[in-house]
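Chains, contacts and geometry: an overview
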Amino acid sequence: MTLAPTAPARPGIERNATPYLYGTELEGLAEVLASGQYGHSDVTETFERQVADFLGVREVVAVSSGTAALHAALVAAGVGAGDEVLVPSMTFCASVQAILAAGAEPRFVDVDPATMCTTPDLVQEALTERTTAVMPVLFGGRAIDFAPIADLLDRRGIAVVEDAAHAFGSHTTDGRKVGAHGHLTCFSFGPIKNLTCGQGGAVVPRTPEEADRLRTLRLLGMVESAADRAASTTYQVTAAGFRYPMSALNAAIGTAQLAHFDEAATVRRALWRTYRNALAGLPGVELVDVDVERSVPHLCVVTAPDRDRVWAEMRDAGIGVGVHYPPNHLQPAFASWARPLPDTEQLAGRILTLPFHPHLTEDDVHRTVAALREALTAGDAR
């Protein structure tokens, strides 16, 4: 007797984040598998065009990960040895590793405690003669308006390489989507991002020439497409490059996801608002603001007293809380570039990421907040 497969249980608050699939991803994967063309292909290029149309930009260059996007974008911008890149310490370590991979050095900048994003004023204060690029991190999905210092950065030839790993689909105050403001914008399409390809990333280039440079960089410096190479006895390697192409398999997943993105954005905004309402008035707890009216939230982060104890008690209760992120300027690998960042250091011991993914219900949110309240109360009783 053959048993019918059972549907997997719905992921709940035991997970901090998890992918959300719509079912059509399997159809796209099956078509690519049947084609036998698993690397960069016309499926990848279709996905690139669809993302460009969605963002309202001329073109997009898909790559293998968000980290690859940051690295390739820095190289395409001419960042290299002896250069300095401003970056918030409050980010995933990939942001910093991409700077080092380009041969440059990070200069860490502080953040606004209310948003956990850096600001134009903080960036301007941190600029030095060696600054070649600024890498703002759009924490939680919140866009950053660099208009107040745009002229200054342009006069000094400083590139803005946006780490928009959290911010696919978000808007700025002028209504344009993140990626459509003339910066080198880098997205991640990793497993738990707003839009997932399973794994992948993309760069929005500033010019057609930069797009060509990125396409050469992502495929080992070769200028010919896979189809062109297959139809010839030779090919040309014109520059140094990396193996950063997005596979057709990943692009197929992304294409299916993009068709449902408006739904995903609506669910994420509603979930974040539910958290905001449920957390209102909870003593000692502050919700980090993602500007939900313009953002597609990626995280729900609060600050709380006695964070480590609260984190442990909530984990013991089966709640998948996390911490995003341990500051990079305090990491051993980056100790050479450490400098005082008072707001980042104060946040480091207080931030707590609550479960946040589209599988969650309103009841899940209220159960999470109830567990947070209980953990805080337990601390007061001691």
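Residues numbered from 1 in each chain as written. Predicted model: local features only at pLDDT ≥ 70, side-chain atom pairs only at ≥ 80, totals over all residues. Heavy atoms only, no water.

Here we come to the packing of helix α1 (residues 24–35) against helix α9 (residues 248–258). The interhelical angle for the contact between α1 and α9, taken along N-to-C directions, is 150°, at an axis separation of 8 Å. Between α1 and α9, the angle is such that the two are roughly antiparallel. Judged by the sense of rotation from one axis to the other, the crossing of α1 with α9 is right-handed. On α9, the residues touching Thr24, Glu25, Gly28, Leu29, Val32 and Leu33 of α1 are Ala248, Leu249, Ala252, Ile253, Ala256 and Gln257. Of the residues belonging to the contact of α1 with α9, the class tally is 8 nonpolar, 3 polar and 1 charged. (Axes fitted to C-alpha atoms, helices over the stretch in contact; angles between N-to-C directions. Helix = DSSP H or I, 4+ residues; strand = E, 2+ residues; numbered from the N terminus. Parallel < 35°, antiparallel > 145°, perpendicular 65-115°, else oblique. Left-handed = near helix turned anticlockwise from the far one by under 90°. Contact = heavy atoms within 4.5 Å. Nonpolar A, V, L, I, M, F, W, Y, C, P; charged D, E, K, R; others polar.)

A word on the nonpolar core. Counting residues in hydrophobic clusters, the biggest one holds 51 residues, and the most contacted among them are Leu55, Phe168 and Phe189. If you list the elements that add at least two residues to this core, you get α2 (42–55), α5 (120–126), α6 (147–155), β7 (201–204), α9 and α10 (261–279). Top contributing element to this core by residue count: α2, with 5 residues. Once residues lying within four places of it in the same chain are set aside, the contact partners of Phe189 are Phe47, Phe168, Leu195, Thr196, Cys197, Gly198, Gln199, Gly200, Gly201, Ala202 and Met246. (Core = buried A, V, L, I, M, F, W, Y, C linked by side-chain atoms within 4.5 Å. Buried < 20%, exposed > 50% of the residue type's maximum accessible area, 1.4 Å probe, protein only.)

What follows covers the pairing of β7. The alternating pattern of β7 places Gly201 and Val203 on one face and Ala202 and Val204 on the opposite face, and all of these are buried. Pairing of strand β1 (residues 61–63) with β7, which is carried by 3 bridges, proceeds in the antiparallel orientation. Considered in β7, the bridge of Val63 is made with Gly201. (Pairing = 2+ DSSP bridges.)

Turning next to the environment of Leu127. The residue Leu127 is located in the loop between α5 and β4 (131–134) in this model. A sequence separation of 13 residues divides Leu127 from Ala114, and the C-alpha atoms of the two residues are 23 Å apart. Every residue in contact with Leu127, bar those within four places of it in the chain, is listed here: Leu86, Val134, Leu152, Leu153, Arg156 and Ile158.

Right, let's talk about empty space enclosed by the protein for a bit. Evaluated as defined, the whole model comprises 2 cavities of 30 Å³ or more. In this model, the largest cavity occupies a volume close to 80 Å³. As for the largest cavity, its lining consists of 13 residues, of which Tyr20, Lys193, Asn194, Arg268 and Pro358 are closest to the centre. In terms of residue class, the lining of the largest cavity is built from 7 nonpolar, 4 polar and 2 charged. Volume-wise, the second largest cavity comes out at about 40 Å³. Every residue along the wall of the second largest cavity is listed here: Asn16, Ala17, Ile192, His298, Leu299, Cys300, Thr353, Leu354 and Phe356. (1 Å grid on protein atoms, 1.4 Å probe; cavity = no way out; pocket = protein on both sides within 12 Å on 5 of 7 lines; lining within 4 Å. Points joined across faces, edges and corners; volume = space filled by probe spheres on them.)

Turning next to the pattern of salt bridges. The final tally for this structure, using the stated rule, is 15 salt bridges. For Arg273, the salt bridge identified is with Glu293, shortest N-O distance 3.2 Å. Taken together, the residues span a long stretch of sequence, with Arg273 in helix α10 and Glu293 in the loop between β8 (286–287) and β9 (301–303) at a distance of 20 residues. Via salt bridges that share partners, Arg10, Asp364 and Arg367 belong to a single interconnected network. (Salt bridge = Lys/Arg side-chain N within 4 Å of Asp/Glu carboxyl O.)

Two elements in contact, helix α3 (residues 66–76) and helix α7 (residues 208–218), have axes whose closest approach is 10 Å; the angle formed by their N-to-C orientations is 125°. Regarding the angle of α3 to α7, the classification is oblique. Judged by the sense of rotation from one axis to the other, the crossing of α3 with α7 is right-handed. Note on element contacts: α7 touches α3 through Glu210, Arg213, Leu214 and Leu217, opposite Ala72, Ala73, Val75 and Ala76. Its residues placed into classes, the contact of α3 with α7 shows 6 nonpolar, no polar and 2 charged.

Among all positions in α7, only Glu210, Ala211, Leu214, Thr216, Leu217 and Arg218 are buried. Residues of α7 that are buried sit in contact with α2, β1, α3, β6 (184–188) and β7. Leu220 sits one or two positions beyond α7 and adopts a positive phi of about 60°.

Following the criterion strictly, the structure yields 11 aromatic pairs and no others. Consider the rings of Tyr20 and Tyr22, whose centres lie 5.1 Å apart with planes at 65°: the pair is edge-to-face. With centroids separated by 5.7 Å and ring planes inclined at 80°, the aromatic side chains of Phe47 and Phe189 adopt a geometry described as edge-to-face. Taken together, the residues Phe47 in helix α2 and Phe189 in the loop between β6 and β7 connect sequence positions 142 residues apart. Phe189 shares its class with Phe47; the two are buried. The ring of Phe54 is capped by Lys177, whose NZ or CZ atom sits 4.6 Å from the centre of that ring. (Phe/Tyr/Trp six-rings, centres within 6.5 Å; stacked < 30°, edge-to-face > 60°. Lys NZ or Arg CZ within 6 Å of the ring centre and 35° of its normal.)

Here we come to the sheet that holds β8. Reading across the sheet, the 3 strands line up as β8-β9-β10 and stay open at both edges, with antiparallel pairing between neighbours. The open sheet has two edge strands, β8 and β10 (351–353), and neither has a second partner. One ladder, built from 2 bridges, connects β8 with β9; its direction is antiparallel. Bridge pairing in β9 links Glu286 to Thr303.

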